[in-house]
Structure formats: C-alpha cells, structure tokens
Amino acid sequence: MELPAFDMEGHRGARGLLPENTIPSMLLALDLGVTTLELDVLITKDEQVILSHDPQLNPAYEFLPAGEAVAAANNTYTWYDLNYSDIRKFDVGSRYYEEFPEQQKLQVHKPLLSEVIDAVQAHVKERKRKPVLFNIELKSEPETDGKFHPRPEVFAQLVMDVVHEKQVQEQVIIQSFDVRIMQAVHPKYPHIKTALLVENSDSFETNLQRLGYSPVSYNPWYKLVTPALVADCHQRGMKLITWTVNTLEEMRHLKQMGVDGIISDYPNLFRQL
Ligand code: G3P
Ligand code: CA
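Here's what I pulled together on the structure shown here. (Residues numbered from 1 in each chain as written. Chains lettered and ligands numbered in written order. Predicted model: local features only at pLDDT ≥ 70, side-chain atom pairs only at ≥ 80, totals over all residues. Heavy atoms only, no water.)

1. Overview of the packing of helix H1 (residues 23–31) against helix H3 (residues 113–126)
Inference 1: Following both chains from N to C, one finds H1 and H3 inclined at 30 degrees, their axes separated by 10 Å at the closest point. In terms of axis orientation, H1 runs roughly parallel to H3. Two packed elements cross with a definite hand, and for H1 against H3 that hand is right-handed. Between H1 and H3, the contacting residues are Ile 23, Met 26, Leu 27, Leu 30 and Asp 31 on the first element and Glu 115, Val 116, Ala 119, Val 120, His 123 and Val 124 on the second.
Inference 2: Counted by class, the contact of H1 with H3 contains eight nonpolar, one polar and two charged residues. (Axes fitted to C-alpha atoms, helices over the stretch in contact; angles between N-to-C directions. Helix = DSSP H or I, 4+ residues; strand = E, 2+ residues; numbered from the N terminus. Parallel < 35°, antiparallel > 145°, perpendicular 65-115°, else oblique. Left-handed = near helix turned anticlockwise from the far one by under 90°. Contact = heavy atoms within 4.5 Å. Nonpolar A, V, L, I, M, F, W, Y, C, P; charged D, E, K, R; others polar.)

Below, the structure written as structure tokens:
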C-alpha cells in the first residue's frame, strides 16, 4: 500500500478531541477521514507492545488505578517496570487536560498495539472505507535503553512481531527519532516503510548520513520545513511529512510549500484544507 498523494495523519489518533493513543481516539480520527493514524509505542515489563507517548505516568492527564492524581514530583510509575495487566488499570482519559481544553473526557486505558490494529481494521471494514496506514513511532532514546524501553533490536523485533501477527506489513510505517531503531528494522525488513523523525537543526544530508539509507519519508518538525527541504526530499525520491500542525493557516502554508502530508492533533481540520 503506497502513501497517498497527500497524507492526512491523525496525531496520536485525534488528540485534540479525545484522549491520545487510545482506541476511541483512533476510531474518531478514522471517522474524520484520515489516511494514516500516527501512534506511539512502548514496551511493558512482560514485553507487550502498548500505546503510550510518555515512558512514565503523565500527571498532566493520567490517573492512578484508584482514580487519584499524582503530583509530578512523586511520579514513580514507569510503564517498562510494570506488567500490562497492571498498566491497564490506569485511567488515561478522565482528567481535564489543560493543553487540550476541547478534548472530550472518558474513562479509558492504554491499549495494546494488537488491540488497536484489530479495532481499526474492524471499523474500516464496518464503515466500508479504504484501509488506512499505521504510522507507528517507537519511543526510544540511547540514554534510556534498559530504563524506559529495551535496546533497539529487541524493541523493533517486539513491534515487528505484532505487525506480522496482524498481517499489516503493507499498512505500516515505522518511524523514530532514534536512528538505531530504523537501522534495526530496515536491513531485516526492507519492504517495511520507514520514516525518519527530525527535530534537530542539522542539515538534511547530515541526518540522512547518520541514518545510512533513504527512508520512504523524512518527517521534520513543521518549523523546520522550507521549500528547499521539500525539494531535497523529492530529489531523493522521498516524501516529506510534517508534524504537529494544529491550525488551518499553518496547514495551508505548509501545503503551499509542497509537503506530502501533515500530522495533526485536530484531524477535523483536514476537511477544510
Ligand atoms: O509523528 C511525529 C510526532 O508525533 C513526533 O513527536 O513527541 O508528538 O511523538 P511526538
Ligand atoms: Ca509520536
């Protein structure tokens, strides 16, 4: 499955409207017509692949199982130290989240990647709509190997095992800021689409040299996008997909520059593009 001519990606599902990285958020993004679902994954103590952006409980919007809030200073809840059966008890959707005042609240847990894929595929079938891509971001950093996540080879393999078990190889893009993840995936699975996330000010060439190959897509922070960068990507036969763009004005500006896709917390805005 190819990337669409213009890729409309729901960031963490539809984070501006429903709790991030949850099944309801993914299904809402689907109903809003996205072509790709962006989601973040981490690994639990019992080696399950879960959706989560933060490696630890985020006191800004996540509750303890008993519904209590945690003060930032007392946060000792690390997902990699907990089994999934315990993580599932945390409520990650009821708490008012200041950054996203329009986000509808609901009691919901962190799902497994496998459950999300099942729910999305079933929803697509039920609504008789086109299959979507899963842009799976592996949250890994060299400084936190063994603390917040396994080493890249192990992390990548656990994710790829789910992708194979669910038979969604064609629908998957693996993305990361950590080039080691990409280097663990690409040689072993050359047909799997990969995307390099970039938020540094190094040049395009430096970032690609560090990676060591040309991925399907180069995914910079939107403030780093210039017409020249778009041209460089296209010259190398790569797409440029940018994040996280949350106003219509910025979306239009980036589209005029020729970007191939936008990742947004507000996939409802895509309709007006
Ligand atoms: O997909 C790009 C974007 O999600 C990267 O940043 O921190 O929101 O995962 P972050
Ligand atoms: Ca992400």
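2. Brief notes about the coordination of the calcium ion (ligand 2)
Inference 1: Distances from the calcium ion (ligand 2) to its protein donors, Glu 38 (OE), Asp 40 (OD) and Glu 137 (OE), fall within 2.1 to 2.2 Å.
Inference 2: Mapped onto the polypeptide sequence, the residues donating to the calcium ion (ligand 2) form the spacing pattern E-x1-D-x96-E. With Asp 40 in strand S2 (residues 36–43) and Glu 137 in strand S4 (residues 133–138), the pair connects residues that are 97 residues apart, well separated along the chain. You'll find Asp 40 and Glu 137 in the same group, each marked buried. (Donors = N, O, S within 2.8 Å, 3.2 Å for Na, K, Ca; no water. Buried < 20%, exposed > 50% of the residue type's maximum accessible area, 1.4 Å probe, protein only.)

3. Examining the environment of Phe 6
Inference 1: Within the secondary structure layout, Phe 6 lies in the segment before strand S1 (7–11).
Inference 2: Residue classification places Phe 6 among the buried residues on the basis of a relative accessible area of 17%.

4. Description of the layout of surface pockets
Inference 1: One number sums up the size of the largest pocket: a volume of about 230 Å³.
Inference 2: Lining of the largest pocket is provided by 15 residues; of these, His 53, Pro 55, Lys 139, Ser 140 and Glu 141 occupy positions nearest its centre.
Inference 3: Class assignment for the residues of the lining of the largest pocket results in five nonpolar, five polar and five charged. (1 Å grid on protein atoms, 1.4 Å probe; cavity = no way out; pocket = protein on both sides within 12 Å on 5 of 7 lines; lining within 4 Å. Points joined across faces, edges and corners; volume = space filled by probe spheres on them.)

5. Examining the pairing of strand S8 (residues 239–242)
Inference 1: Direction of pairing for strand S7 (residues 217–220) relative to S8: parallel, over a ladder of two bridges. Bridging across to S8, Tyr 218 finds its partner in Leu 240.
Inference 2: Direction of pairing for S8 relative to strand S9 (residues 261–264): parallel, over a ladder of two bridges. Its bridge partner being in S9, Ile 241 is matched across the sheet by Gly 261.
Inference 3: The β-α-β motif built from S8, the intervening helix H8 (residues 248–257) and the parallel element S9 has right-handed crossover chirality. (Pairing = 2+ DSSP bridges. Right-handed = clockwise from strand over helix to strand, strands pointing away.)

6. Some remarks on the pattern of salt bridges
Inference 1: Summed over the entire model, instances satisfying the criterion amount to 17 salt bridges.
Inference 2: For the salt bridge of Lys 139 with Asp 40, the shortest nitrogen-to-oxygen distance reads 4.0 Å. A residue pair is termed long-range when its members are at least 10 positions apart, and Lys 139 in the loop between S4 and helix H4 (152–165) and Asp 40 in strand S2 qualify at 99 residues. Exposure class is identical for Lys 139 and Asp 40. Each is buried.
Inference 3: Here the salt bridges share partners, and the residues they tie into one network are Arg 12, Arg 15, Glu 20, Asp 40, Glu 137, Lys 139 and Asp 265. (Salt bridge = Lys/Arg side-chain N within 4 Å of Asp/Glu carboxyl O.)

7. Describing the packing of aromatic side chains
Inference 1: In the structure shown here, the tally under the stated rule is eight aromatic pairs.
Inference 2: Geometrically, the ring pair formed by Tyr 97 and Phe 100 is edge-to-face, given 5.4 Å between the ring centres and 65 degrees between the ring planes. You'll find Tyr 97 and Phe 100 in the same group, each marked buried.
Inference 3: For the pair Phe 100 and Tyr 266, a centre-to-centre distance of 6.4 Å together with 45 degrees between the ring planes defines the contact as tilted. Of this pair, Phe 100 sits in the loop between helix H2 (84–87) and H3 while Tyr 266 sits in the segment after S9, and the two are 166 residues apart along the sequence.
Inference 4: An aromatic cluster is defined as three or more aromatic residues linked by ring pairs; in this entry it consists of Tyr 61, Tyr 97, Phe 100 and Tyr 266.
Inference 5: Here the guanidinium or amino end of Lys 255 rests over the ring plane of Phe 6, the centre of that ring lying 4.6 Å away. (Phe/Tyr/Trp six-rings, centres within 6.5 Å; stacked < 30°, edge-to-face > 60°. Lys NZ or Arg CZ within 6 Å of the ring centre and 35° of its normal.)

8. Topic: the site of ligand 1
Inference 1: Residues in close proximity to ligand 1 include His 11, Arg 12, Glu 38, Asp 40, His 53, Glu 137, Lys 139, Gln 175, Phe 177, Leu 197, Trp 243 and Ile 263, which together make up its full environment.
Inference 2: His 53 is positioned such that a nitrogen or oxygen atom in its side chain is 2.7 Å from an oxygen atom of ligand 1.
Inference 3: Lys 139 places a side-chain nitrogen or oxygen 2.8 Å from an oxygen atom of ligand 1.
Inference 4: Out of a free accessible area of 290 Å², ligand 1 has 90% covered by protein chains.
Inference 5: Tallied by class, the residues present in the shell around ligand 1 amount to four nonpolar, three polar and five charged. (Near = heavy atom within 4 Å. Polar contact = N/O pair within 3.5 Å; in protein donor to acceptor, adjacent residues only side chain to side chain. Areas by Shrake-Rupley, 256 points an atom, 1.4 Å probe, with all protein chains shown as cover.)

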